[in-house]
Amino acid sequence: MEILIINQAEVIDLLPMTECIEVMADALKRLAEGDVILPLRPVMWLPEKVGALGMMPGYIGSQSVMGLKVVSVFPGNHGTEYDSHMGAVMLFETQHGRPLAIVDASEITALRTAAVSAVATRLLARPEASDLCILGAGVQARSHLTAMLAVRPIKRVRVWSRNHAHATQFATDESARHTIHVEVSESAHAAIEGADLICTTTAAAEPIVHGDWITDGAHINAVGSSVPFTRELDTATVVKARLFVDRRESTLSEAGDFLFPQREGAISENHIRGEIGELLLGKVTGRGSSTEITLFKSLGLAVEDIAAAYHIYNRAVAEKRGTWVELGGNRHANTR
Ligand code: NDP
């Protein structure tokens, strides 16, 4: 039995951002419809938390596909030749459990996370939102710029990062890649002031966003923290915002941005207005007014990785891309 290996360069070719946004909207709808099995992800931490191995399984019933993303997370890799997230998504069909493909997870993670933020932005940000602030200058910062340009009429972009040289490099590279000038801000405060759209994409452990910096009517995509013991947003930001999440169960277990204010007694579970999939199905109401601050707390879900990998797999088969490798699993056929 053969399995299709699809590498990072092929993922980039086979999943353009605009296509990925629609694949993510579809996956989150299926999640809200109850078509998905999605256990909470085990994370194995190395001593002193220098790195971790995340294991993210999931099943999409209507597509008869299941899979697992295995991803290492080494925040110290930023600025080296290695991505801070590396691994693979393994896909299986669900009639016999036959493995179908192994797809690079580094690129899927970069793309699908920003595409989900784009879905949330499309649903929650004011239609005319055009002043974008990006905090962080890594992989997610880059994919978020592409995603935000795809869904809102962006006229101004500011970036801030802890390491000023990284922010400057980001601004140079991204100004050249897109037909828009990216400005470097001296502080997170300066980047956020007056922004309509704020994407937080850092590995910060302590808040880098303060509630009194945020302009009325802004929309925030909070992406960088996916564990209970770090956060990018202070309590005031979360309290004053209308909060939407990718998934309630994951938020209550994994989201420091939610759990810190909850532990402080500032919010309770019902502060979560709904999931993005519920918004897509019209089951909950989104933005209530043009002055309200909306917040999407992103954690990242296996259903996003599996939906992205399955889409890439189908395109790869149709376009004869990837590399087929003999794996195994035909013992009976071979020995009879
Ligand atoms: P990169 O390693 O490419 O970039 C990390 C960024 O975080 C850099 O801009 C770095 O800034 C900044 N940073 C690191 N430590 C701190 C700190 N203590 N304070 C402020 N900034 C800091 O990572 P990615 O772009 O791939 O991921 C960014 C974050 O998003 C990570 O925390 C990651 O776990 C999370 N993530 C979330 C996903 C989701 O689905 N929600 C999916 C994938 C990633 P500088 O270099 O200037 O110091």
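Quick note: structure is the one above.
What you are looking at is a predicted structure, and each value in this text was computed from that prediction instead of being measured.

> How do you make sense of the environment of L301 when you look at a structure like this?
Within the secondary structure, L301 sits in the loop between β15 (293-297) and α11 (302-318). On the basis of relative accessible area, L301 is assigned to the buried category, the value being 2%. With near-sequence residues (within four places) excluded, L301 lies in contact with L28, L31, L38, M56, R112, D246, R247 and S250.

> Which parts of the structure should I look at to understand the site of the ligand?
Around the ligand, 25 residues are found, and the nearest of them are A137, Q140, S161, H166 and G224. Between R162 and the ligand, the recorded distance is 2.8 Å, taken from a side-chain N or O atom to an oxygen atom. Between an oxygen atom of the ligand and a main-chain N or O atom of G300, the distance comes to 3.3 Å. If the ligand stood free it would expose 920 Å²; the protein chains cover 88% of that surface. Every element with two or more residues in the shell around the ligand is listed here: α3 (105-124) and α4 (139-151).

> Quick question: what am I supposed to make of a nonpolar patch on the surface here?
A contiguous nonpolar patch, built from V43, W45 and F229 and spanning about 260 Å² of accessible area, is present on the exposed surface. Considering the arrangement of structural elements, one finds W45 in strand β3 (residues 43-45). W45 sits in the partly exposed class, given a relative accessible area of 34%.

> For this particular structure, what's the right way to read α3?
For α3, with 20 residues, the first-to-last C-alpha span of 28 Å sits near the 28 Å given by 1.5 Å per residue. For α3, the tally of buried residues reaches 18 of 20 residues, placing the bulk of the element in the interior. The distance from a side-chain oxygen at the start of α3 to the backbone nitrogen of S106 is 3.4 Å, and the residue carrying that oxygen is D104.

> What am I meant to see in unusual backbone geometry here?
Apart from glycine, the bulk of residues carry a negative phi angle, and the bulk of peptide bonds sit in the trans form. The phi angle at K49 is positive, at roughly 55°, despite the residue not being glycine. Residue position: K49 is located in the loop between β3 and β4 (52-60). In this structure, S64 takes a positive phi of about 50° despite not being glycine. Relative to the assigned elements, S64 resides in the loop between β4 and β5 (65-73). S64 sits in the partly exposed class, given a relative accessible area of 39%.

> Please clarify how the pattern of salt bridges should be interpreted in this entry.
Opposite charge on two side chains permits them to pair, given that their charged atoms come into close proximity. This model, assessed by the stated rule, comprises 23 salt bridges. Here R112 makes a salt bridge to E304, at a shortest N to O gap of 3.5 Å. Residue R112 is found in helix α3, and its partner E304 is found in helix α11; the two are separated by 192 residues along the sequence. Taken individually, R112 and E304 each receive the classification buried, so the pair is uniform in this respect. Here the salt bridges do not stand alone but share partners, grouping K69, R112, E304 and D305 into one network.

Rules and cut-offs
Residues numbered from 1 in each chain as written. Predicted model: local features only at pLDDT ≥ 70, side-chain atom pairs only at ≥ 80, totals over all residues. Heavy atoms only, no water. Helix = DSSP H or I, 4+ residues; strand = E, 2+ residues; numbered from the N terminus. Buried < 20%, exposed > 50% of the residue type's maximum accessible area, 1.4 Å probe, protein only. Contact = heavy atoms within 4.5 Å. Near = heavy atom within 4 Å. Polar contact = N/O pair within 3.5 Å; in protein donor to acceptor, adjacent residues only side chain to side chain. Areas by Shrake-Rupley, 256 points an atom, 1.4 Å probe, with all protein chains shown as cover. Patch = residues over 30% accessible without salt bridge, like charges linked within 9 Å, V, L, I, M, F, W, Y side chains within 5 Å. Salt bridge = Lys/Arg side-chain N within 4 Å of Asp/Glu carboxyl O. Expected span 1.5 Å × (residues − 1).

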